[in-house]
Structure formats: structure tokens, C-alpha cells
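Chain by chain, the residues:
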Amino acid sequence: MEPDTAADFTVENVEKALHQLYYDPNIENKNLAQKWLMQAQVSPQAWQFCWVLLRPEKVPEIQYFGASALHTKISRYWGDIPAEQYDSLKTQLFSQIARFASGSKIVLTRLCVALASLALNMMPEAWPGAVTEMVRMFQEEGGEVDGRARCLALLELLTVLPEEFQTSRLPQYRKGQVRGALGREWVAVYPLLQQLLRQPDSPPLVKARVLKCLSSWVLLDVPLNESEGLVEASFTALADPELFDTAVEAIVNTISQPDSQRYVNTLLKLVPQVLQLQEQLRDAVQNGDMETSHGICRIAVSLGENHSRALLEQVEHWQSFLALVNMIMFCTGIPGHYPVNETTSSLTLTFWYTLQDDIMSFEAEKQAVYLQVYRPVYFQLVDVLLHKAQFPTDQEYASWSSDEKEQFRIYRVDISDTLMYVYEMLGAELLSNLYDKLGRLLTNTEQTPTWQHTEALLYGFQSIAETIDVNYSDVIPGLIGLIPRININNVQLADTVMFTIGALAEWLADHPVMLSSVLPLVLQALGNPDLSVSSVSTLKKICRECKYDLPPYAANIVAVSQEVLIKQIHKTSQCMWLMQALGFLLSALPVEEILRNLQSLITPYIQQLEKLAEETPNPSNKLAIIHILGLLSNLFTTLDITKQEEESGENAPPIKSAPPQTGPNPVVVVLQQVFALIQTVLSKWLNDSQVVEAVCAIFEKSVKTLLHDFAPMVSQLSAMLGQMYSTIPQASALDLTRQMVHIFASETNHFPPIKALFELVTSVTLNIFQQGPRDHPDIVDSFMQLQAQALKRKPDLFLSESLDVKAVFHCGVLSLKFPEAPTVKSTCLFFTELIPHCADVPPVARVVQENGKLLLLAVLEAIGGQSSRSLMDQFAEVLFCLNKHCFALLTVWLKEALRSPGFPSSRVSDEQKDTFSQQVLRERVNKRRVKDIVKEFTLVCRGLHGTEYAADY
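Residues numbered from 1 in each chain as written. Predicted model: local features only at pLDDT ≥ 70, side-chain atom pairs only at ≥ 80, totals over all residues. Heavy atoms only, no water.

Q: Help me understand the overall build of the protein chain in this model?
A: Helix and strand counts for the protein chain come out as 45 helices and 0 strands. Overall, the C-alpha framework of the protein chain stretches about 105 × 95 × 60 Å when taken along its three principal axes. When burial is assessed residue by residue, the protein chain has 54% of its 953 residues classed as buried. When the accessible surface of the protein chain is split by element, carbon and sulfur atoms take 51% of a total near 42400 Å². When the 76 basic and 106 acidic side-chain charges of the protein chain are each reduced to a single mean position, those positions are 6 Å apart. (Helix = DSSP H or I, 4+ residues; strand = E, 2+ residues; numbered from the N terminus. Buried < 20%, exposed > 50% of the residue type's maximum accessible area, 1.4 Å probe, protein only. Areas by Shrake-Rupley, 256 points an atom, 1.4 Å probe, with all protein chains shown as cover. Lys, Arg positive; Asp, Glu negative; His and termini not counted. Charge placed at Lys NZ, Arg CZ, Asp CG, Glu CD.)

Right, here's the structure in full:
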């Protein structure tokens, strides 16, 4: 069925459509029915059929639709209801709610929501004292509906009222009025809730609804001191298992209201009530009742976290607040392993941040007093957190699901972050404390420590050393001395040992004598696939931080690395990291040693690549080729013999650096040796963008690292790039050309090959534009970035007879109309680089004078609504540039362009266009202002001005 004329929205058709929605097995029919019902709900006929659908003989699904239609009409189409009908609508709704009080619960709720919406729309003028009237209506003895059902209906109505307010579509000024009116009505709600909650004969269902109602009203920021009695009664309700969850929600919502911190006296009364829950908490923990312990913990944490500042300030009550802090400590250290035996401890972590922030924000004298009390608490917290971070037994851990293991991993990261934060308060003493514990553990002859205990202490160290400079600490030498004593018999422990060594890499650079005691451990771990990530990342850190102290160990590191690479122990990304580590390591050696190591390291891969280059292309040899090219790129990314360690400051130690180098750069030597081979690989794989990308990456990484040392390769590489791009154009070749232009275009002796390459790729790309560039947004994007770079680094390139500046300009105008945002951004960048050269590059000046109006039209079209709103800042920059550098021309062009009726949008008037034009032409200095003018104008053009969309913009 798909009737859609107004006459078809009859009771019979609505019932048919509902039957189809609920019972028709065909999904197409269901969707059609859904669509039709949505139209019916908003039609004028809804006023007639909704009351008929609510009749007692109808089934609940049909009654529910009737109630929903009523709510839709009242909440969304309030303006259509004549004021004289308000009262009759109110009366009808009251009587329907009274009828459904003992009927279907879902229909009752929808009717309550409809009446709530009516009340919100009428308050405060048309229905003053709405809530008081609701309470009175339902308390009157009435007809056949029993008192308890009426009471529950009233509670439902009072609960949905604030909820409906939160989601209502009232305009902002009305929201403020209605919130105020509702707040004043709390005095009518409070005594009722209080009485029902305290009455001994109130059924549990009624009490539960009262608690829900309280939860709902506190969202309106009712003053905490005005709901004090109810909160107390909620604490009493916690003893009743049936009411426990609802009471927790009510208490937590009340305490968490931002406004509640103003009521310090009430908060002080709540502290002992929370402390009284400790016995119930301990019993719950003992009986493994996770729900109860979780709920009580939430209450303690919400009081502590939301109000620690206010409660700390109450100095005379310091002992009760300290007791609350200790209660939260108990929750942090709750027995059992997270997330399998408990899920509570994670709730408490932010409290410790908040408390520390509050203590540390006091002025010095006051802070000192608090630190005397709280430093010992935070040392205890560290013990508790490290205990919670311990792994379970191997057997237990093996039984966990992968999801549980992942949650535990994230939990440990949260603990690590907390320890790092706590370090700010406890300082160096924290490290000494951890070191003493570890020392006692590892030197205890009577009992072998569990690996879990050792691992957790090391994890604590690693958490701090990873982000905090521990160079001044006097316990690190001792720690490094202890590491070899650890009996590493487990993967998790080994991982943490590795990460701890990695976290100390900067310290090792200042104390190289200690390298000999940890390096063997790292090299041994490299051979274990289970320790892949931790061992490779640690070696990389050591090679990066300590490279000038590693020459004595270099041969050994290279040998072990080669062995694990040949055995293929590590996954691709770890192999790449390992190559970067070797790049750092080799950078500090004399050139001849670098070359010797490079030969032995790379030769096996070159031989493999030679074999692969001869084979017919297929998916598996493609992966192998990309892998080998990736290894070379990563090696060349970090192999940099020019870098000196930058040490600054008067008391800096003597600079450690590599011996001065002579002769060609080792990377260039290797690249020249493999150049022919890379060309062979390319010739077979020129069609494959991933292989071309991998080849370009080798040179791009090398150019970025070597900079001017790459000079000997410029003409060779330029020729190869030109050939590649002419055969099959790919974006990666343009990106590499851009790198070359950036570094070498300004150098006289490299200018000819770079100029030839630039002209060649430009003319090839112009051909693509003639054939239709829409399928190649990536090429267009990279091409525009290349042109912008050329204008920035070497505008002389645009003086050449061989460069068709006009065609490049036209391509830019076309590219502005692409749907891909990155392409449009790059094109705007090109124009903002091009326009300023009107002054010093005659061909550019000529093209802009003759064709600039086309550019302006494209920019205005985009602002008018053709392009995404997120790009308006970029278009504004082009407009600003035109105004700054071509003011006289822009004045004429703007006038001509905006004269066309309906351009750039039919929604803007001539007056608005004039204003826009004048505003833009006035701003030749303030770019920010032009961006605001464009944003404003684009909203008008799109018909969004003054809407909620505009507010997000």
C-alpha cells in the first residue's frame, strides 16, 4: 500500500499500515508502511485519527501510534494549535492518562510525554503552576482508577517532564524561561517524593519510580540543599536490593550536578553517609557481588571527584575527607583481576588526578600542609596500582578471552598514565622507592619472586622513564645493574624489560659505560618473534640516542640484525624499524666502514631483487619487490652522516660527533650501484602505482635526508623521472619532482636538469587535462602542489618559452571545481603563490590580466554553494590575494560578475552582493576579516544564515 493523498490518512488506512509494519514479512513493504505512517503522523488528519486510535478496544501497538502522533503534533507543530484549544487538549490528555494508568505502560509513557510537551509549550504564561496542577489532579480521588496506579502515572509524568525539557525544540530564550518555571515548581514535587519514599507501606515499585523521578529532576540543577532529605532517603534505599541500582543512579546524578558544589554544608553531611556504606562494600567484595561494590564505588568516586576542592577547603573536617579518600583507595585496590573478577578499580583513576590537581593548585604554604597528609596516601596508591597492574598466573591468563586481554592492556596503560602523573607530586623519591622494592625482591635469597611482581615494578619504572627526564636520578645505574639479575622466563616480563631499557635510551647516551650490560639482552631478544615489537623498538631507540657510543658494538649489532632479517623472524613493519635502527647506527661510522657494512647488509637483497626483476610480474613477487624497496627506503631515511649532535648551553659537555667525511656520500654510492637495477624493475612494473610509489619513496627519503649531498644523482634521477612520468603518469613521481625542485632548483649547476624535468611533467599533465582529468584527482593534487613549490622556490621557471603559463592557469581554474577537498586546497595554494608574482614575472602578469576574471568566477561559484563549506577559508585566501595584488582589476571583475542575476546564488539580493563586494575590497591587510566576510556570505548563499547549522560553523 502506498496511498499518500490527504484523504487517505484515515483510521482504517493507519491501522492497515501499522499491521503491515508489524506483521508483514516483506522488508520492502515494512519500509513503505513506515514512510507512509511518518507522513500520516504529521498530517492535519492526525488530530482526528489519534484520539480514535487511543480507544480502549484497540490493541496497544495502535494505541501507541495514536499517542506518538499526539506527541509529534504538540512538540513539532505547536504553532498550528489555536490558543483557545489548549485547555481542551490538556483536559483530554489528563483523562487519557488517567484511563491508561492501569493500561499499557508504553502507551501511558507516550501520553505522559505528550502532556509534558504541552506543559512546556504553555509554561509559564498560558499554564502557570502546571506541575502543581498535575500533582493535584492525580491526588484527587477519582472514579474507577485505584490510588496506586494513579500514583505511578503521576510519577511517570513527573519523570518525563524534565527529560522532555532536555530534548525539546524550544527556542533558546524560551528554554531559559521554562527552566526557571520548572525550577520554581520543585517545591510541589519534593514533598510528594519525600512522602512516598519514607512511607513504610510504599511498594518497592513506587519507591523505584520516585528515585527515577529524582534522577530526572536533578538534571534541571535543582539546588542540592533543596533535595537533601531525598538524597538521605536514597541512601537508606541502598539497603534494599530491589532499589539499589535506581538509588545509586539518583545519588550519583544528584552529587554530580555542576551546581551542587555551592552547597558545602550539604556536601559535608553526605560524607558520613557515604562512609557508612563501607561495611556493605566490604561484604559485597567478600561475597563476589560485583554489582553492589561497583555501585557503592560510583557513589564514593562521584562525591570525591566532583567536590574534592570544596571538601579539601573544609580544614576542620579533614579527617572525614581523608576517610573518604581511603575508601576510594580501597575501591582502587579492590581484590581480583580487572576486567575478569572486577570492573570497579578503573572508575577511581580520574579521582586521583583531580585530588592531586586540587592539592597542587594551593599556594605554597597551604600546599605544604596538605602534602604532609597526602604524600603518604599517594605512595600507598603507587603500591596499590602496581599490585593491580600485575598479570594473573600463566594458567589464568591463558584462560582469558582476547577481549579481556585487550581490556587489561588498556587498563595497564591507564595505570601507567596515572603513575606518570603522580610522579609530579612525589618526584625522585618515587623512583628510589621503586628501586628499593625491586632491589629487595631480586636479592632476596630465601624466596624466588614471582615474575608478575618483578614485571609490575619494572612497569612502574618504565611508565615514568618513558615520558619524564630521569637523567638526574641516582637510582638508574643501580636499576641497570639489577636488570641482568632478572630471571627472564616469560614473554610479558621480557617485553617489559625491553621497554624499560628503551625508556632509558637517553640516559644511556649520557652514561655509555652501561651499554655493555644491557645491549646483549636486546640483541638476544631480537631473535625471539614474541618479543618482536619491544626488542626492535628498543634497539631503534638505542641506535638513535647512543649512535656515537656504538661503534665498538656495531659489527655485532649488524651481524645479529642480518641474521634475524634473513631468517624472517619479524613482520614487515618491524623489519622497516630495524633498517631505521641500522641507519642510525651506521651514520656514526667512518665512510669506508659504512660502505663495507652496507655492502654486506644490502647485497643479499640486491641479488634477490635482480632475480625478481627478471620474473614475469605477479602478485607474490610484487609484494617481495615492495618489501625490498621498503627496506632500502627505511635504511636511507636515517642514514645521515652530516648530522652532528646539537648540544647547546654554556656547560654543555664536549660535542660527540662522527669524524669528518670525505668523498661521495655512502647512500649515493649505493644508489648509483643499484640505479640500473631499479630502472629494470620499473620498466616491468610501470603500470603498478604501488611499485612506482615504493621506488619514488627510496629517492624521496634519500633526498630528504641527504639534501645537497644527493647532488651527484640529480641529472640521472631527473631523466628517469621524466621517462617514467611520460610513459605512465603517477602522483608519486610528481611528489618526488616537487622534492627535487624544493632542494635543487635554486642551484645554478642543477637548474638545467630540474628545469627540463619540470617542463616535461608540466606538459604531460597538461595533456591529461585535455583528455579529461576527472579520473586522476591525485595527479591533479600533486601537480598543483608542484606548481606552487616551483613558484615559491624558483619563479624563474615560469619565464621559460617552453612553459605554457596560460594552460597551467586554466588547469588551476578547472581544478577548483573538483569535488575532492585535498585537490581544491592544493589548487588554492597554487593561486595564492601565483598571484603575487604578477609584479615580477611578466608571463604570470599577462595571464592573470587576461584570464583573472575566470578565476574570480570559479571562486565566487564555490562560495555560492558549489564547494564544501569547510573549504571557504582557502577560497577566501585566493580572494584576499587578488585584492592585495590586483586591486584595480578585481574592482571591475567583481562588479561585472555579481551583476549576473542569480549568481553566485539565487538566494542573495543585489543589496547583499553589493555589501559583500564593498566589504571584500575594503580589506587589503586583514586576511582573517576576509575569511569572516566569506563565511557570512556563503551562509546567505546557501540559505543557512541564522540557522542552527550556522551556529556550528
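From this point, things continue past the structure.
Q: Where do I start with helix α32 (residues 666-685) in this structure?
A: Every α-helical turn comprises 3.6 residues, leaving residues that sit three or four positions apart pointing alike. With 20 residues, α32 should cover 28 Å at 1.5 Å per step; its first-to-last C-alpha distance of 27 Å lies within 8% of that length. In α32, a bend of some 45 degrees at Val674 exceeds every other bend along the element. Capping of α32 at its N-terminal end is provided by Asn665; its side-chain oxygen lies 2.9 Å from the backbone amide nitrogen of Val667. (Expected span 1.5 Å × (residues − 1). Bend = angle between axes of the 7 residues up to and from the residue. Polar contact = N/O pair within 3.5 Å; in protein donor to acceptor, adjacent residues only side chain to side chain.)

Q: What should I look at first to understand helix α21 (residues 428-443) in this one?
A: With 16 residues, α21 extends 22 Å from end C-alpha to end C-alpha; this agrees with the ideal 22 Å at 1.5 Å per step. Within the sequence span of α21, burial applies to Leu430, Leu431, Leu434, Leu438, Gly439, Leu441 and Leu442. The arc that holds the buried residues of α21, viewed along the axis, is 165 degrees, so those residues lie on one side. Packing partners of the buried residues in α21 comprise α18 (364-388), α20 (402-426), α22 (451-467) and α23 (476-482). (Arc of directions from axis to C-beta. Contact = heavy atoms within 4.5 Å.)

Q: Would you mind showing me how to read the packing of aromatic side chains here?
A: The geometry of an aromatic ring pair comes down to the distance between the two centres and the angle between the two planes. Applying the stated rule across the entire model yields 25 aromatic pairs. Pairing Trp400 with Phe408 gives two aromatic rings, centres 5.4 Å apart and planes at 85 degrees, and the pair type is edge-to-face. By relative accessible area, Trp400 is classed as buried at 5%. Every member of this aromatic cluster is reached through a ring pair, and the members are Tyr338, Phe391, Tyr397, Trp400, Phe408, Tyr411 and Trp451. Here Lys73 stacks its cationic end above the ring of Tyr77, 5.2 Å away from the centre of that ring. We note Arg412 situated over the ring of Tyr459; from NZ or CZ to the ring centre the distance is 4.0 Å. (Phe/Tyr/Trp six-rings, centres within 6.5 Å; stacked < 30°, edge-to-face > 60°. Lys NZ or Arg CZ within 6 Å of the ring centre and 35° of its normal.)

Q: Would you take a moment to explain the nonpolar core for this structure?
A: Across soluble globular proteins, nonpolar side chains have a tendency to be buried as a group. Counting residues in hydrophobic clusters, the biggest one holds 348 residues, and the most contacted among them are Phe49, Trp217, Tyr374, Phe699, Phe710 and Phe798. Broken down by element, this core gets its largest block of residues, 12 residues, from helix α6 (residues 105-122). Beyond its immediate stretch of four places on either side in the chain, Phe710 contacts Val668, Leu671, Phe699, Ser702, Val703, Leu717, Met740 and Phe744. (Core = buried A, V, L, I, M, F, W, Y, C linked by side-chain atoms within 4.5 Å.)

Q: It is not clear to me how the side chain of Asp640 should be interpreted in this structure. Could you clarify?
A: With respect to the element layout, Asp640 can be found in the loop between α31 (619-638) and α32. Asp640 sits in the buried class, given a relative accessible area of 8%.

Q: Quick question: what am I supposed to make of unusual backbone geometry here?
A: Along the chain, Met123 connects to Pro124 via a cis peptide bond; the corresponding omega equals -15 degrees. Summarising the element assignment, Pro124 is placed in the loop between α6 and α7 (130-139). Omega for the peptide link from Tyr338 to Pro339 comes to 0 degrees, which places this bond in the cis form. Here Pro339 lies in the loop between α16 (318-332) and α17 (349-360). Phi angles above zero are rare outside glycine, and Asp221 is one such case at about 60 degrees. We note that Leu707 has phi near 50 degrees; this positive angle belongs to a residue other than glycine. In this structure, Leu707 sits in the loop between α33 (689-706) and α34 (714-727).

Q: Would you explain the pattern of salt bridges in this entry?
A: Where charged atoms of side chains with opposite charge meet at close range, the side chains can pair. Tallied over the full model, the rule gives 25 salt bridges. Between Glu342 and Lys388 there is a salt bridge whose closest N-O contact spans 2.9 Å. Remark: Lys388 occurs in helix α18 and Glu342 occurs in the loop between α16 and α17; sequence separation between them is 46 residues. Bridged by salt links that share partners, the residues Asp87, Lys90 and Glu133 form one connected network. (Salt bridge = Lys/Arg side-chain N within 4 Å of Asp/Glu carboxyl O.)

Q: Before we go on, may I ask you to explain the packing of helix α43 (residues 910-922) against helix α44 (residues 927-941) in this structure?
A: The description of two helices packed together rests on the angle between their axes and the distance between the axes. Put simply, α43 and α44 touch, their axes get as near as 10 Å, and they point 165 degrees apart. With respect to α44, the element α43 is oriented roughly antiparallel. Remark: the crossing between α43 and α44 carries left-handed chirality. Residues Gln912, Lys913, Phe916, Gln919 and Val920 of α43 touch α44, and the partners they reach there are Arg929, Ile933, Val934, Phe937 and Val940. (Axes fitted to C-alpha atoms, helices over the stretch in contact; angles between N-to-C directions. Parallel < 35°, antiparallel > 145°, perpendicular 65-115°, else oblique. Left-handed = near helix turned anticlockwise from the far one by under 90°.)

Q: What exactly am I supposed to notice about the environment of Ile468 here?
A: Secondary-structure assignment places Ile468 in the loop between α22 and α23. Sequence separation between Ile468 and Tyr423 is 45 residues; the distance between their C-alpha atoms is 8.9 Å. Those residues in contact with Ile468, other than ones at most four positions away along the chain, are Met420 and Tyr423.

Q: Explain the state of the cysteines here, please?
A: Cysteine pairs can be covalently joined through their sulfur atoms, and such a bond is termed a disulfide. According to the stated counting rule, one finds 0 disulfides in the structure shown. There is no disulfide at Cys112, and the cysteine sulfur nearest it, in Cys213, is 11 Å away. (Disulfide = S-S within 2.5 Å.)

Q: Would you explain the environment of Leu766 in this entry?
A: With respect to the helices and strands, Leu766 occurs in helix α36 (residues 751-771). As a C-alpha pair, Leu766 and Gln41 span 725 residues in sequence and 57 Å in three-dimensional space.

Q: Looking at this model, I keep getting lost on the environment of Leu504. Mind explaining?
A: Tracing the chain through its elements places Leu504 in the loop between α24 (491-503) and α25 (505-510). According to the relative accessible area criterion, Leu504 is buried, its value standing at 2%. Sequence separation between Leu504 and Gly427 is 77 residues, and the spatial gap between their C-alpha atoms is 17 Å. Setting aside its immediate chain neighbours within four residues, Leu504 contacts Ala465, Val470, Ile476, Leu479 and Ile480.

Function-wise, these values are silent; they only describe arrangement.
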